[in-house]
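The primary structure of each chain is shown beneath.
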Amino acid sequence: MATPCRIRVLFVLLAAAVAGAASHPAHEFCAAAGGGGGGGDGTRILIKGGTVVNAHRAEEADVYIEDGLVVAVRPNIPVGDDNVKVIDATGRYVMPGGIDPHTHLEMEFMGTVTIDDFYSGHAAALAGGTTMHIDFVIPVNGNLTAGLESYKHKAEKSAMDYGFHMAITKWNDEVSREMEVMVKEHGINSFKFFMAYKGSLMVTDDLLLQGLQKCKSLGALAMVHAENGDAVAEGQQRMIGLGITGPEGHALSRPPVLEGEATSRAIRLAKFVNTPLYVVHVMSIDAMEEIAKAKREGQRVIGEPVVSGLVLDDSWLWDPDFATASKYVMSPPIREAGHNKALQAALSSGILQLVGTDHCTFNSTQKAFGSDDFRKIPNGVNGIEERMHIIWDSMVETGKITVTDYVRVTSTECAKIFNIYPRKGAILEGSDADIIILNPKRSFAMGARTHHSRSDTSVYEGRKGKGMVEVTISRGRVVWEDGNLNAVPGAGRYVRTPPFGYLFDGIDKSDAVYRASLRAPVRRGEAAAA
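As the structure is a computational prediction, the values presented were derived from the model and not from experiment. (Residues numbered from 1 in each chain as written. Predicted model: local features only at pLDDT ≥ 70, side-chain atom pairs only at ≥ 80, totals over all residues. Heavy atoms only, no water.)

Notes on the sheet that holds strand β3 (residues 58-60)
Move 1: What the 7 strands build is an open sheet, ordered β3-β2-β7-β17-β18-β19-β20; its pairing is mixed. Strands at the two margins of the open sheet, each flanked by one partner only, are β3 and β20 (484-485).
Move 2: With 2 bridges connecting them, strand β19 (residues 477-481) and β20 associate as antiparallel partners. Pairing of E481 across the sheet is with N484, part of β20.
Move 3: This element, helix α14 (residues 387-396), spans β7 (93-96), β17 (435-445) and β18 (464-474) of the sheet and lies at about 135° to β18. (Pairing = 2+ DSSP bridges. Helix = DSSP H or I, 4+ residues; strand = E, 2+ residues; numbered from the N terminus. Contact = heavy atoms within 4.5 Å. Axes fitted to C-alpha atoms, helices over the stretch in contact; angles between N-to-C directions.)

Focus on the environment of G241
Move 1: Note that G241 resides in helix α6 (residues 229-241).
Move 2: On the basis of relative accessible area, G241 is assigned to the exposed category, the value being 68%.
Move 3: A C-alpha to C-alpha distance of 38 Å links G241 and M446, two positions 205 residues apart in sequence. (Buried < 20%, exposed > 50% of the residue type's maximum accessible area, 1.4 Å probe, protein only.)

Quick look at the nonpolar core
Nonpolar side chains tend to gather and get buried jointly when the protein is soluble and globular.
Move 1: Counting 97 residues, the largest nonpolar core has F191 and F193 as its most contacted members.
Move 2: In this view, F193 contacts I168, V203, L207, L208, G211, C215, A222, M223, V224 and H225; residues no more than four positions away in its chain are not counted.
Move 3: Residues I87, A89, I435 and V478 belong to the second largest nonpolar core, which totals 18 residues. (Core = buried A, V, L, I, M, F, W, Y, C linked by side-chain atoms within 4.5 Å.)

Section: the packing of helix α4 (residues 173-186) against helix α5 (residues 205-218)
Move 1: At a closest axis distance of 11 Å, the pairing of α4 and α5 adopts a crossing angle of 35°. Where α4 crosses over α5, the two elements pack in a sense that is right-handed. Judged by residue contacts, S176, M179, E180 and V183 of α4 engage G211, K214, C215 and L218 from α5.
Move 2: Considering only residue class, the contact of α4 with α5 consists of 4 nonpolar, 2 polar and 2 charged. (Left-handed = near helix turned anticlockwise from the far one by under 90°. Nonpolar A, V, L, I, M, F, W, Y, C, P; charged D, E, K, R; others polar.)

A closer look at the packing of aromatic side chains
Move 1: Per the counting criterion, the structure on display carries 13 aromatic pairs.
Move 2: Here Y93 and W392 contribute two aromatic rings whose centre-to-centre distance is 5.5 Å and whose plane-to-plane angle is 50°, an arrangement assigned as tilted. Of this pair, Y93 sits in strand β7 while W392 is found in helix α14, placing the two residues 299 residues apart along the sequence.
Move 3: Classification of W392 as buried rests on a relative accessible area of 2%.
Move 4: Where F109 meets Y197, the ring centres are 5.3 Å apart and the plane angle is 85°; that geometry is what we call edge-to-face. You can see F109 sitting in strand β9 (residues 108-109) and its partner Y197 sitting in the loop between β13 (190-194) and α5, a full 88 residues away along the chain.
Move 5: Relative accessible area serves as the criterion here: at 10%, F109 is assigned to the buried category. (Phe/Tyr/Trp six-rings, centres within 6.5 Å; stacked < 30°, edge-to-face > 60°.)

Brief notes about the UniProt feature "domain: Amidohydrolase-related" (unreviewed entry) in the protein chain
Move 1: UniProt records the feature "domain: Amidohydrolase-related" (unreviewed entry) at residues 93-479, using the numbering of this structure.
Move 2: In the segment residues 93-479, helix accounts for 38% and strand for 18%; the C-alpha atoms at its two ends are 18 Å apart. (UniProt positions renumbered as here; feature names shortened; annotations may be inferred.)

Quick notes on helix α12 (residues 339-349)
Move 1: Taken residue by residue, α12 has H339, N340, L343, Q344, A346 and L347 as its buried positions. One face of α12 carries all of its buried residues, which in axial projection span an arc of 160°. Along α12, exposed side chains directed more than 90 degrees from the buried face belong to K341 and S349.
Move 2: Turning to α12, the residues buried within the fold contact α8 (256-273), α9 (285-296), α10 (307-311), α14 and α15 (403-417). (Arc of directions from axis to C-beta.)

Side note on the pattern of salt bridges
Move 1: Scanning all chains against the criterion turns up 28 salt bridges.
Move 2: The shortest N-O distance in the salt bridge between D161 and R475 comes to 2.9 Å. One end of the pair, D161, is in strand β12 (residues 161-168); the other, R475, is in the loop between β18 and β19, with 314 residues separating them in the sequence.
Move 3: A residue is classified by how much of its surface remains accessible, and R475, at 9% relative accessible area, is buried.
Move 4: In this structure, E259 and R335 form a salt bridge, with 2.8 Å as the shortest nitrogen-oxygen distance. A residue pair is termed long-range when its members are at least 10 positions apart, and E259 in helix α8 and R335 in the loop between α11 (322-326) and α12 qualify at 76 residues.
Move 5: Looking at R335, the relative accessible area reads 6%, which means it is buried.
Move 6: One salt-bridge network, in which partners are shared between bridges, spans D161, R423, K424, D432, D434, R475 and R493. (Salt bridge = Lys/Arg side-chain N within 4 Å of Asp/Glu carboxyl O.)

Considering the side chain of R387
Move 1: Inspection of the secondary structure assignment puts R387 in helix α14.
Move 2: A polar side-chain atom of R387 sits 3.2 Å from the main-chain carbonyl oxygen of I99.
Move 3: Within polar-contact distance, the side chain of R387 engages the side chain of T130 at 3.4 Å.
Move 4: With residues near it in sequence (within four places) discarded, R387 still touches G98, I99, D100, P101, T130, V307, V355, G356, T357, V409 and T410. (Polar contact = N/O pair within 3.5 Å; in protein donor to acceptor, adjacent residues only side chain to side chain.)

Some words on the side chain of T457
Move 1: Structurally, T457 is set in the loop between β17 and β18.
Move 2: What makes T457 buried here is its relative accessible area of 14%.
Move 3: Once residues lying within four places of it in the same chain are set aside, the contact partners of T457 are K327, F362, S364, N382, A448 and H451.

A short note on the environment of N172
Move 1: Mapped onto the elements, N172 comes out in the loop between β12 and α4.
Move 2: Relative accessible area serves as the criterion here: at 30%, N172 is assigned to the partly exposed category.
Move 3: Here the alpha-carbon distance between N172 and L207, two residues 35 residues apart in the chain, equals 9.0 Å.
Move 4: A polar side-chain atom of N172 sits 2.8 Å from the main-chain amide nitrogen of V175.

Set out below in structure tokens:
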């Protein structure tokens, strides 16, 4: 039964929808009862005087938050209650918290485990303005259920909201059955297939084809790490044979052509099945151009660049200091100068649609495992804390994208793709109160001594720029303000991602058109008899 307080909150939502900017007495904004979608702690916050930015528009407005939800967004919301926390956002942008679509926290990989777990990774994210991420569950010996149980345990220390993608590393009837369970019972609507890492995570074309078909039937999005794993293995042997054992050998062994080939192959297989495809960490012009071609032809392909690929180049891999060079090793590799600018242009023009990080951190001791053989250097870089600031500085401050585009590529598009919009990715009445306040005039400086990751290195060491996230609000709780972090272990919540998102709209109709176009089977025996 709804409490009187909850009824008044519902009245406010209804009245606001009908009357727009009509005024409501401050006493109508009361502490809502527990439960519901917000899951907040009853904290009431009024953000005043800022520019509220959603992907569809920017407007001068206040934002009122109660019990973890956005209750009202309109100018001049009055407040007369001492129990409401008022935040002055004058001269600042009030935007949805970032959603990182691509992270690897506490992942077992290459004989070790990533240094950031679901607490330290979340602490870093919140300090950088990201309020939700989607992590990749790695199956245990190919078993999806065992993998999910492991990651549920890891996430018990979470400090912000999170979702899961599921990796597929082998194929049989049991895996097919488990995929259905993941979608229908556990709220996972995306599955990742590695076309690289031969001998461990890599899938063959026949497995990928079956996986694409299964994803389509479930309304789940197929994702690919697109590199030709067989050719990469050959390239690694070639470099070792030439005596190239340092970090530069990593990039030389897996050039852009191998990323482009795998991207093209995955796109064509997805076209054959007629199902949407999501290409993770697009790092090269080669891969980007394959995505652009497919989109021109009307295919539903999502391209995800990551921060490192947008702003770094591979020159650091040739640094004479191994500790410096090795921290830049990731897959696909950071490319030579020129690829990054092309990826920025593709992001600004809509060829690439959202920005992730592939946050997969290892410290210098772990990176040193490959001091004599680049093949043993754990692959991965940081970025979950840096993403929002770097994208603002490199893309908004330079005029490549607008402030509304910024919200789209860092938050809204991810929420839409994974079917959790407008609960996430928006500041609208009824949305979860995941909000950041960004001061475009303040400057930032990055480095391992000041970031919140447990890693002792950063690929953005010494980077400076404009645009500082001053406040982060996670489900109605202020967790970052004035440089102070209040990340609480266990405060995070798992967010289910429903199947059949917008990318599947009309797929059944195009299938019907295809079947009608076949003009088959031809009944030749009957024709001959006639």
